[in-house]
Amino acid sequence: MSFRGPSVISRLAFFFFFFALTACSYSPQTTLDPKSATATAEYDLLVPIFWAAVVVFVIVEALLVYSVLRFRARGDSDAIPVQFHGNTPLEIGWTIAPAIVLGVIFLMTAQTMTVVHSPPPAAAGNSINVRAIGHQWWWEFQYPDLKTAEAKPITTASDLHIPAGQVINYTLESIDVIHSFWVPQLGGKTDLIPGHTNHGFFNAPQVGQYFGQCAEFCGEQHAQMRFRVYADNASDFDAWVKGQQTIPTAPAAGLAQQGATLFAASACIGCHAIAGTKAIGNVGPNLTHFGSRTTIASGVLDNTPENLSKWLHNPEAIKSGNDMSVAMRTVIAQWGGDADKNIEMLVAYLESLK
Ligand code: CUA
């Protein structure tokens, strides 16, 4: 699948003016560096509208400044300037000109909408289905057609792996409030609405990592409801799928084994699921292959043993208001004893779940 990106010169000129006006710094979470046909179509609409707005702004401001200077009161005269009402040619002019501008924008928008709403032809074996579920404040991703060894859909959180070049048909659902699915470099936003399933598609022609973000205010940690899209080449994606389909073997010895025993005996299993164990909760992220993910807490921390330890010790300090904050205090109280040691065991166990 190919797509036409904006030319280097038009992109540079646009960046220059856009950043000069907004004082933004360049980041990978941007609509100004589109990486899919959908995002490129949207960018190609944004640029002419932006320049049209620049032209209108310059003309209006120039007339305003000219009028202020040319017709300001001079000297001490209190005389009222000559009053007049109505100027038919002017009034026709300033009605027709914006109507033409808006008409052109409407036609361009309608044309872009047809591109954005027409999925590329999906040959057999060239598309996959993904179910994205919004939670306060993290993303759950399920692959309904890719079943694990327990015959359940592959279920993950925060990291969305997709095969580069294929069409990703998604459904969007929310279990609590309205969220919005947005991967700026791959396409526009679509809301996740409780009790209503939205559908859409996107694709990533190029292998790479793309940043996603909830784009609808959904509570205290809305800004920390992030995700990453990994567009893998075919063999990497197959390897990832195979890994996720496997039920992890219980650690046989050491801290990880102690952690597994502790996890199974703690309230953790009321909220989290780990395939092959009695943990089947679905309030928090499925942790079956937790160790294979790149981030913790919906993209807030890199997934390292140090960060996981920090998170388990005090989730409130990292992401206030999240459900883990209360739950973890309960769990630590339930343990009694040495919380540091227990958390060390849990970290060893969870990170072993590759
Ligand atoms: Cu979910 Cu904002």
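Reading the values: rules and limits
- Position numbers for residues count from 1 along each chain, tracking the sequence in the order it is written.
- At least 70 in pLDDT is required for a residue's local features to be given in this predicted model, at least 80 for side-chain atom pairs to be given and counted, and no such filter applies to totals for whole chains, interfaces and linings, which use all residues.
- Think of the side-chain values as coming from all heavy atoms in the structure, minus any hydrogens and water.
- By the criteria applied, helices consist of DSSP H or I runs no shorter than four residues and strands consist of E runs no shorter than two, each listed in order from the N terminus.
- Only the C-alpha atoms count toward the radius of gyration. The rule for a globule is 2.2 Å times the residue count to the power 0.38.
- When checking whether two residues touch, look at their non-hydrogen atoms; a contact exists if any pair is within 4.5 Å.
- Areas reported here follow the Shrake-Rupley algorithm with a probe of radius 1.4 Å; residue values treat only the protein chains shown as occluding.
- As used throughout, the charge tally considers Lys and Arg to be positive and Asp and Glu to be negative, leaving His and the chain termini uncounted.
- By convention, the point assigned to a charge is CZ for Arg, NZ for Lys, CD for Glu and CG for Asp.
- By the convention used here, strands pair only if DSSP detects at least 2 bridges between them.
- To obtain each axis, a line is fitted to C-alpha atoms, and for helices this fit is confined to the stretch in contact; angles are then taken between N-to-C directions over 0 to 180 degrees.
- A cavity here means a set of 1 Å grid points, computed over protein atoms only, where a 1.4 Å probe fits but cannot escape. A pocket is an open set with protein on both sides within 12 Å along at least 5 of 7 lines, and lining residues have an atom within 4 Å of a point.
- Grid points are joined across faces, edges and corners, and a volume is the space filled by probe spheres set on the points.
- Just so you know the grouping, Ala, Val, Leu, Ile, Met, Phe, Trp, Tyr, Cys and Pro go in nonpolar, Asp, Glu, Lys and Arg go in charged, and all remaining residues, Gly too, go in polar.
- For every residue, the accessible area obtained with a 1.4 Å probe (protein chains only) is divided by the maximum for its type, and the residue is called buried under 20%, exposed over 50%, and partly exposed between those limits.

Participant: Teacher, can you tell me more about the overall build of the protein here?
Facilitator: Within the protein, the secondary structure is distributed over 9 helices and 12 strands. Relative to the globule expectation of 20 Å for 354 residues, the C-alpha radius of gyration of the protein, 27 Å, shows a markedly less compact shape. Based on the C-alpha atoms only, the size of the protein along its principal axes is roughly 95 × 55 × 40 Å. Long-range pairs, those at least 24 residues apart, make up 63% of the contacts in the protein between residues at least 6 apart in sequence. Carbon and sulfur atoms make up 64% of the accessible area of the protein, which amounts to about 18,800 Å² in all. One finds the centroid of the 20 positive side-chain charges in the protein at a distance of 3 Å from the centroid of its 27 negative side-chain charges.

Participant: For this particular structure, what's the right way to read the sheet that holds strand S10 (residues 226-232)?
Facilitator: Backbone-to-backbone hydrogen bonds join strands into a sheet, with any given pair of strands oriented parallel or antiparallel. Overall, mixed pairing links the 5 strands, which are arranged S4-S10-S9-S6-S7 in an open sheet. Where the open sheet ends on each side, the last strands, each with one partner, are strand S4 (159-163) and strand S7 (187-192). Across the sheet, the axes of successive neighbouring strands diverge by a mean angle of 25 degrees, strand direction being ignored.

Participant: Help me understand the layout of surface pockets, please; the structure alone is not making it clear to me.
Facilitator: It is a probe the size of a water molecule, rolled over the atoms, that shows where empty space is left. Space inside the largest pocket adds up to approximately 650 Å³. Those elements giving two or more residues to the lining of the largest pocket turn out to be strand S11 (295-296), helix H6 (305-313), helix H8 (323-335) and helix H9 (339-352). Among the elements that take part in the lining of the largest pocket, H8 stands out by supplying 6 residues, more than any other. Within the lining of the largest pocket, the residues separate by chemical class into 23 nonpolar, 10 polar and 4 charged. Size it by volume and the second largest pocket reaches roughly 480 Å³. Lining the second largest pocket are 30 residues; nearest its centre among them are Lys152, Pro153, Thr155, Ala273 and Asn286. Counting residues per element, the ones that place at least two in the lining of the second largest pocket are strand S1 (127-135), strand S2 (138-147) and strand S3 (153-157).

Participant: Would you explain unusual backbone geometry in this entry?
Facilitator: Note on backbone geometry: most residues besides glycine have negative phi, and most peptide bonds are trans. Residue tryptophan 137 follows glutamine 136 across a cis peptide bond; omega there is 0 degrees. Residue position: tryptophan 137 is located in the loop between S1 and S2. Positive phi, normally seen in glycine, also occurs at alanine 151, with a value near 65 degrees. The residue alanine 151 is located in the loop between S2 and S3 in this model. On the basis of relative accessible area, alanine 151 is assigned to the exposed category, the value being 55%. Backbone geometry at serine 158 places phi at a positive 70 degrees, although glycine is not the residue there. Relative accessible area serves as the criterion here: at 6%, serine 158 is assigned to the buried category.

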